[in-house]
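# Analysis of the macromolecular model
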Amino acid sequence: MSGKRNDYLSWDEYFMGVAMLSGMRSKDPNTQVGCCIVSQDNKILSMGYNGFPIGCSDDEFPWAREGEDPLETKYVYSTHSELNAILNYSGGSLAGAKLYVTLFPCNECAKAIIQSGIREVIYDCDKYADTAGVQASKRMMDAAGVRYHQYHRTNRNIEISL
Ligand SMILES: O=c1[nH]c(=O)n([C@H]2C[C@H](O)[C@@H](COP(=O)(O)O)O2)cc1CO
Ligand SMILES: [Zn+2]
């Protein structure tokens, strides 16, 4: 008798994979971030990626990282993947949910995560760990009891032909 297949995706691979796929929608030329919010019983509630708000054209607003005029950089306009995922959810409360994200949440996203009742953050990259924003984020999540841990990479390669 044949049993079930064994090489199916784990829950963590599935949700981080969805977050990574979502990040591939980002138009940011430097850092593409994706996010997937999941209920306690492993149902996907929402997704998001970093980009400009609705109506703010990807072709007219600036993607530059630096410039004399801050109004000509992306930082004052881009909405982070985590905030987009939280705001994209129209089903009610996110209390008790888990959030998978490809980059550690900044302090502004940490505020939204805490206030929306999300209890756990699973992140992949932490390349801005030295910044005040990420340190403030960890301090707030520690104080609020939001658990966070790094995704354990399995080095599985997935090929999808589109
Ligand atoms: O938590 C985050 N979530 C998120 O979506 N972002 C976005 C904002 C920017 O579009 C981009 C960061 O750009 P850069 O790495 O060039 O500074 O990533 C940045 C952070 C910072 O940790
Ligand atoms: Zn953020």
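This section reports on the structure supplied with the text. Everything numeric in this text was worked out from a predicted model, so none of it was measured. (Residues numbered from 1 in each chain as written. Chains lettered and ligands numbered in written order. Predicted model: local features only at pLDDT ≥ 70, side-chain atom pairs only at ≥ 80, totals over all residues. Heavy atoms only, no water.)

## Some points on the site of ligand 1
The following threshold applies: Any residue with a non-hydrogen atom lying within 4 Å of a molecule or strand is treated as near it. Each polar contact in these results corresponds to two N or O atoms within 3.5 Å; when the atoms are within protein, one needs to be able to donate a hydrogen and the other to accept it, and residues that are neighboring in sequence are counted only if both atoms are side-chain atoms. Per-residue and other accessible areas follow the Shrake-Rupley method at a 1.4 Å probe size, with only the shown protein chains counted as cover for residues. Think of a 1 Å grid over the protein atoms and nothing else: a 1.4 Å probe that fits but is trapped marks a cavity, an open set flanked by protein within 12 Å on at least five of seven lines marks a pocket, and residues with an atom within 4 Å of a point count as lining. Grid points define the cavity or pocket, and a molecule sits in it when more than half of its atoms lie within 2 Å of them. Just so you know the grouping, Ala, Val, Leu, Ile, Met, Phe, Trp, Tyr, Cys and Pro go in nonpolar, Asp, Glu, Lys and Arg go in charged, and all remaining residues, Gly too, go in polar.
In the region of ligand 1, 18 residues are neighbours, and Asn-30, Thr-31, Arg-65, Tyr-75 and Tyr-128 sit closest. A distance of 2.4 Å is found between an oxygen atom of ligand 1 and a side-chain nitrogen or oxygen belonging to Tyr-75. Cys-106 is positioned with one of its backbone polar atoms (N or O) 3.3 Å from an oxygen atom of ligand 1. Coverage of ligand 1 by the protein amounts to 94% of the 500 Å² it exposes when considered alone. Comparing atom positions with the cavity grids shows ligand 1 to sit within the second largest pocket. Grouping the constituent residues of the shell around ligand 1 by class yields seven nonpolar, six polar and five charged.

## Considering the coordination of the zinc ion (ligand 2)
The condition is simple: Distances define the donors: N, O and S atoms within 2.8 Å of the metal qualify, as do those within 3.2 Å of Na, K or Ca. Water is excluded, so some sites may look unfinished. Each helix is a run of DSSP H or I of at least 4 residues and each strand a run of E of at least 2, with the numbering of both proceeding from the N terminus. Here's how the labels work: a residue is buried when its accessible area is under 20% of the maximum for its type, exposed when over 50%, partly exposed in between, all with a 1.4 Å probe on protein chains only.
The protein atoms that coordinate the zinc ion (ligand 2) are His-80 (ND1), Cys-106 (SG) and Cys-109 (SG), at distances spanning 2.0 to 2.3 Å. In terms of primary sequence, the donors binding the zinc ion (ligand 2) are separated according to H-x25-C-x2-C. With His-80 in the loop between β2 (44–49) and α2 (81–88) and Cys-109 in helix α3 (residues 107–116), this residue pair connects regions lying 29 residues apart in the sequence. Judged by its relative accessible area of 33%, His-80 falls in the partly exposed class. What makes Cys-109 buried here is its relative accessible area of 4%.

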